[in-house]
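The chain contents come next:
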Amino acid sequence: MSKHEALPNESGGRHTSDEAPERRPGSSDRRVQIAAARLRVVLDERLNRPTPEWVKRLAEQKLAS
(Lines give C-alpha, C1' and ligand atoms only; values in the text may rest on other atoms or scores of the structure.)
Protein backbone atom coordinates (compact mmCIF):
# COMPACT_ATOMS: atom_id res chain seq x y z
CA MET A 1 0.00 0.00 0.00
CA SER A 2 1.41 3.44 -0.92
CA LYS A 3 1.44 6.25 1.58
CA HIS A 4 -1.26 8.06 -0.41
CA GLU A 5 -3.83 5.27 -0.33
CA ALA A 6 -6.74 5.91 1.99
CA LEU A 7 -7.11 3.84 5.12
CA PRO A 8 -10.37 3.38 7.05
CA ASN A 9 -10.42 4.96 10.50
CA GLU A 10 -12.44 4.06 13.58
CA SER A 11 -15.29 6.44 12.75
CA GLY A 12 -15.87 4.74 9.42
CA GLY A 13 -14.49 7.74 7.51
CA ARG A 14 -11.31 7.66 5.48
CA HIS A 15 -8.02 9.45 5.85
CA THR A 16 -4.61 9.26 4.23
CA SER A 17 -1.65 7.93 6.14
CA ASP A 18 0.31 11.19 5.81
CA GLU A 19 -2.30 13.34 7.55
CA ALA A 20 -0.97 15.13 10.59
CA PRO A 21 -2.26 14.10 14.01
CA GLU A 22 -4.98 16.27 15.55
CA ARG A 23 -3.80 19.89 15.71
CA ARG A 24 -5.41 23.25 16.25
CA PRO A 25 -7.11 24.52 13.10
CA GLY A 26 -4.87 26.96 11.29
CA SER A 27 -1.76 26.23 13.36
CA SER A 28 0.19 25.05 10.32
CA ASP A 29 -0.90 28.18 8.42
CA ARG A 30 0.49 30.33 11.23
CA ARG A 31 3.79 28.42 11.19
CA VAL A 32 4.09 29.06 7.45
CA GLN A 33 3.38 32.78 7.92
CA ILE A 34 6.06 33.08 10.61
CA ALA A 35 8.60 31.16 8.53
CA ALA A 36 7.85 33.35 5.50
CA ALA A 37 8.27 36.49 7.59
CA ARG A 38 11.66 35.26 8.81
CA LEU A 39 12.76 34.64 5.23
CA ARG A 40 11.52 38.09 4.22
CA VAL A 41 13.61 39.74 6.95
CA VAL A 42 16.75 37.91 5.80
CA LEU A 43 16.10 38.71 2.15
CA ASP A 44 15.45 42.37 2.86
CA GLU A 45 18.70 42.57 4.84
CA ARG A 46 20.67 41.00 2.00
CA LEU A 47 19.08 43.28 -0.59
CA ASN A 48 19.53 46.29 1.68
CA ARG A 49 15.88 47.27 1.65
CA PRO A 50 13.55 48.16 4.53
CA THR A 51 11.35 45.52 6.14
CA PRO A 52 7.90 46.58 7.34
CA GLU A 53 7.52 46.57 11.13
CA TRP A 54 4.60 44.12 11.01
CA VAL A 55 6.80 41.61 9.18
CA LYS A 56 9.55 42.01 11.80
CA ARG A 57 7.05 41.47 14.64
CA LEU A 58 5.66 38.36 12.95
CA ALA A 59 9.18 37.01 12.36
CA GLU A 60 9.98 37.35 16.07
CA GLN A 61 7.10 35.11 17.14
CA LYS A 62 7.81 31.61 18.39
CA LEU A 63 6.90 28.73 16.09
CA ALA A 64 4.28 26.54 17.78
CA SER A 65 5.05 22.84 17.66
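Residues numbered from 1 in each chain as written. Predicted model: local features only at pLDDT ≥ 70, side-chain atom pairs only at ≥ 80, totals over all residues. Heavy atoms only, no water.

Novice: Looking at this model, I keep getting lost on the packing of helix α1 (residues 27–46) against helix α2 (residues 53–60). Mind explaining?
Specialist: Pairs of packed helices are described in terms of their axes, by the angle between the two and the distance that separates them. Contact geometry of α1 with α2 gives a least axis separation of 8 Å together with a crossing angle of 120°. As far as their axial angle goes, α2 and α1 are oblique. Classified by chirality, the crossing of α2 by α1 is left-handed. For the pair α1 and α2, the contacting residues are R30, Q33, I34, A37, R38, R40 and V41 in the first and V55, K56, L58 and A59 in the second. Class assignment for the residues of the contact of α1 with α2 results in six nonpolar, one polar and four charged. (Axes fitted to C-alpha atoms, helices over the stretch in contact; angles between N-to-C directions. Helix = DSSP H or I, 4+ residues; strand = E, 2+ residues; numbered from the N terminus. Parallel < 35°, antiparallel > 145°, perpendicular 65-115°, else oblique. Left-handed = near helix turned anticlockwise from the far one by under 90°. Contact = heavy atoms within 4.5 Å. Nonpolar A, V, L, I, M, F, W, Y, C, P; charged D, E, K, R; others polar.)

Novice: How should the pattern of salt bridges be read in this particular structure?
Specialist: Any two side chains of opposite charge can pair, on the condition that their charged atoms come close. In total, this model carries three salt bridges according to the counting rule given. Among the salt bridges present, the one from D44 reaches R40, with a minimum N-O distance of 2.9 Å. Here R40 and D44 lie together in helix α1, a separation of four residues that amounts to about one turn. Look at D44 and you get buried, because its relative accessible area is 0%. A residue is classified by how much of its surface remains accessible, and R40, at 32% relative accessible area, is partly exposed. A salt bridge links E53 to K56; its shortest N-O distance comes to 3.5 Å. Here K56 and E53 lie together in helix α2, a separation of three residues that amounts to about one turn. The class for E53 is partly exposed, based on a relative accessible area of 48%. Here the residues in one salt-bridge network are R40, D44 and R49, joined through shared partners. (Salt bridge = Lys/Arg side-chain N within 4 Å of Asp/Glu carboxyl O. Buried < 20%, exposed > 50% of the residue type's maximum accessible area, 1.4 Å probe, protein only.)

Honestly, it's all geometry; don't read function into it.
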